[in-house]
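Each chain is listed here by its residues.
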Amino acid sequence: MNTRKTLIGGAVLALLLCTAAWVGLGHEPMASPVAVPFQFRFPQGRSWTYRLDYTADSRVQLSGQGKQASLAGEVHLTGDLVLRGHGARGAVQRVGLRLESLSQHSLRVLGQELLPDASSVDAVFLGREALLEMDSDGVVRAVSFREDDPSLFKNTVQSLVGELQVVLREGATWTVEEPTSRGRARTEYSRRDEDAEGVRLLKRRVEYVELRGLGQGGTVRLDSSFEADVAREGVLERVDGEETVERLGTDGTVSAASHVRVSLVRGATGHFEADKAPVAVAVLQRLTPGTMVVDPKVRARMLTQQVDGMTADRLFTLLEQFANVGTLPDHNHFLLQATGLLEQQPELCARLVELFRRPTLQVKGRALLLDLLAGTGTPEAQAALVQALSSREATGDARYGMLLGRLSLVSNPTSDTVRFAEKTYASTEGEPRVASTYALGSTAGALYRQEKSPEAWAAVRRLAEDLRASKAPEEQAHLLMALGNAGVVEQADVIAGYASATSPEVRRASAKALRKIATPEATMTLLSLAADTQQPVQATAMESLGRRPLDTGLLMDLRDLALNGGVKVENYHVFVSLVAPYLESEPDVVRELLSHLLTQDVRDRQVLTRIRGLLGT
């Protein structure tokens, strides 16, 4: 449970989604342009103007106390997006981003229009420029602002950066993990057409690894498709597309949804005076892509709606009455209210620690309090979470390992939280040691991915080093799972090295640990594990493969695996789930393997019914 971070923390900020792609002034014409790899360049003093037309809307249903409410908003921006080259520092290019001449400017959040007139637009955007640090392949490393820039300007630019980057790679297809204002998405690129003039790319997000602002639970439905035209000399000519993300409740109805539509068309190229470049990066507010800045007034209104009348007295009365049960009446709404109140009144976090330490509180009650603190996720809440887990009431509990597991629910861990996880990892044994192993992977990995923290990276490397030193299969499996929780691509080779381990338990852990890493090498490792003779290993590998896009070659490999009798009958359910999404795009391959499954001795009627339904027989 991480109610604040997943439901509220991004719900309204996600409405600020805008989109752009990166433009470079190309090289001088060369004799053999097709042989030159695509890359973006931004020479100092050059500028590029694009016509942007962007619309988006988002809504999250909130249910509770017998009523229905929602957080909603919409945005429509039409105008010029201007990129300006400020020169390179080493391999990193510095690019300014501005929004100018907005002829349409509507942004409604919580029923309030934030850009009602030209003066309000000027107050947010006029003369302001963000500074992007970019690699030549289009990957944005950081976005910097002046400290006094309005939050609305910062969030709009962050959405521009995060929602639609164009990342260039060699090859016919490639997959990258990209930050957006809604979380982190695995994104598949493919070349559609290419000639001496340029290339047309198809980009689609295939999965949100981390999804913020659209609630929890249920099923996420994603429909995403964008086209980008890149000229051979390295200039983006056009981007056009749309994306819809929906979260379905247990009854199949849409509980939250977000839709974005964008058109970006290249216009004029010009020059600007170099002495009008932004101030040095060192004196700017430097943010990782996708990090949103909350305007205090907007956040206060959001919290008021989230808290929905809950008071401190009411909160502790309910906890006194129901905590030991583990759940409360209208539990989800209570979690929403309570985490909002703890953010609104951070001093209440310390009172939760006092309640946690009461002798009369049972383990279910303590777990609930930790869930509230982890779900709130503020620095104050994390400090209270660490304090509670450090208390003798926690460490002396026979279920301490279960309580420690709550650390893994913190989505934006502080350095202190990671230090506590590492300290606990080093000082515990048995079940607490296992729980702290997983928690260290989750917290250190999240902090490293979000901030590139050297301390967090050192913690991840410690897990990898302990894995290499371990000789016990059970310990190796736990450490592999911790690295999987970290989801750090730099450890992919370490994880893949255990795919051929003698122990099926270790091979299965390797398969699960690769679920967040979408490199081609990781995918091929999972494909080999999908042919494992042990049913649990094969099932886990297929589940991890299902979290990434599969091209025609991979589907043909899976078809051959099935036709050669390599798929365990017990894994038909997961196997069908893996290939079913490609029935429309690769009908011949998928229909052939599904038809083959029907010829096997399948006694599970649900599997048979599902396959026949897909085939229409």
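Numbers given for residues are sequential positions, taken from 1 along each chain in its written order. Residues qualify for local features only when their pLDDT is at least 70, as the model is predicted, and side-chain atom pairs are given and counted only at 80 or more; totals for whole chains, interfaces and linings, by contrast, use all residues. Side-chain calculation: all heavy atoms of the structure are included, whereas hydrogens and water are not.

Chemist: In this structure, what is going on with the nonpolar core? I would like to understand it.
Modeler: Considering soluble globular proteins, one finds that nonpolar side chains tend to be buried as a cluster. Think of a nonpolar core as a cluster: buried Ala, Val, Leu, Ile, Met, Phe, Trp, Tyr and Cys residues, connected wherever their side-chain atoms sit within 4.5 Å. For the exposure calls, accessible area comes from a 1.4 Å probe over protein chains only, and a residue counts as buried if that area is under 20% of its type's maximum, exposed if over 50%, partly exposed in between. One finds Phe334 and Phe575 to be the most contacted residues of the largest nonpolar core, which totals 113 residues. Note on definitions: a residue-residue contact is assigned when non-hydrogen atoms from the two residues lie within 4.5 Å. The residues touching Phe334, leaving out its near neighbours within four places in the chain, are Met310, Leu315, Leu318, Leu319, Leu328 and Leu372. Counting residues in each nonpolar core, the second largest holds 54 residues, with Leu52, Val124, Val140 and Leu264 among its members.

Chemist: Could you clarify how one ought to interpret the side chain of Asn485 in this entry?
Modeler: A run of H or I in DSSP counts as a helix once it spans at least four residues, and a run of E counts as a strand once it spans at least two, with each numbered from the N terminus. Along the chain, the position of Asn485 falls in helix H15 (residues 473-486). Pairing of N or O atoms within 3.5 Å defines a polar contact, subject to two protein rules: one partner must be a possible hydrogen donor and the other a possible acceptor, and residues neighboring in sequence count only if both atoms are side-chain atoms. At 3.4 Å, the side chain of Asn485 and the side chain of Ser442 are in polar contact. Of note is the side chain of Asn485, whose polar atom sits 2.9 Å from the side chain of Arg515.

Chemist: Would you take a moment to explain the packing of aromatic side chains for this structure?
Modeler: Aromatic ring pairs are described here by two measures, namely the spacing of the ring centres and the angle between the planes. Think of it this way: a Phe, Tyr or Trp ring, Trp meaning its six-membered ring, pairs with another when their centres are within 6.5 Å, and the plane angle makes it stacked under 30 degrees, edge-to-face over 60, tilted otherwise. Tallied over the full model, the rule gives five aromatic pairs. On the basis of an interplanar angle of 10° and a centroid distance of 5.6 Å, the ring pair of Trp174 and Tyr189 is categorised as stacked. Placement of the pair is Trp174 in strand S7 (residues 173-180) and Tyr189 in strand S8 (residues 183-194), with a sequence separation of 15 residues. Counting every residue linked through ring pairs, the aromatic cluster contains Phe125, Phe145 and Phe153. Whether a charge lies above a ring is judged from NZ of Lys or CZ of Arg, which has to be within 6 Å of the ring centre and within 35 degrees of the ring normal. The side chain of Arg351 reaches across the aromatic face of Phe316, ending 4.0 Å from its centre.

Chemist: When you look at the environment of Gln362 in this model, what are you seeing that I'm missing?
Modeler: Topologically, Gln362 is positioned in the loop between helix H7 (348-356) and helix H8 (363-376). Taking the C-alpha atoms as reference points, Gln362 and Ala323, 39 residues apart in sequence, are found 8.3 Å from one another.

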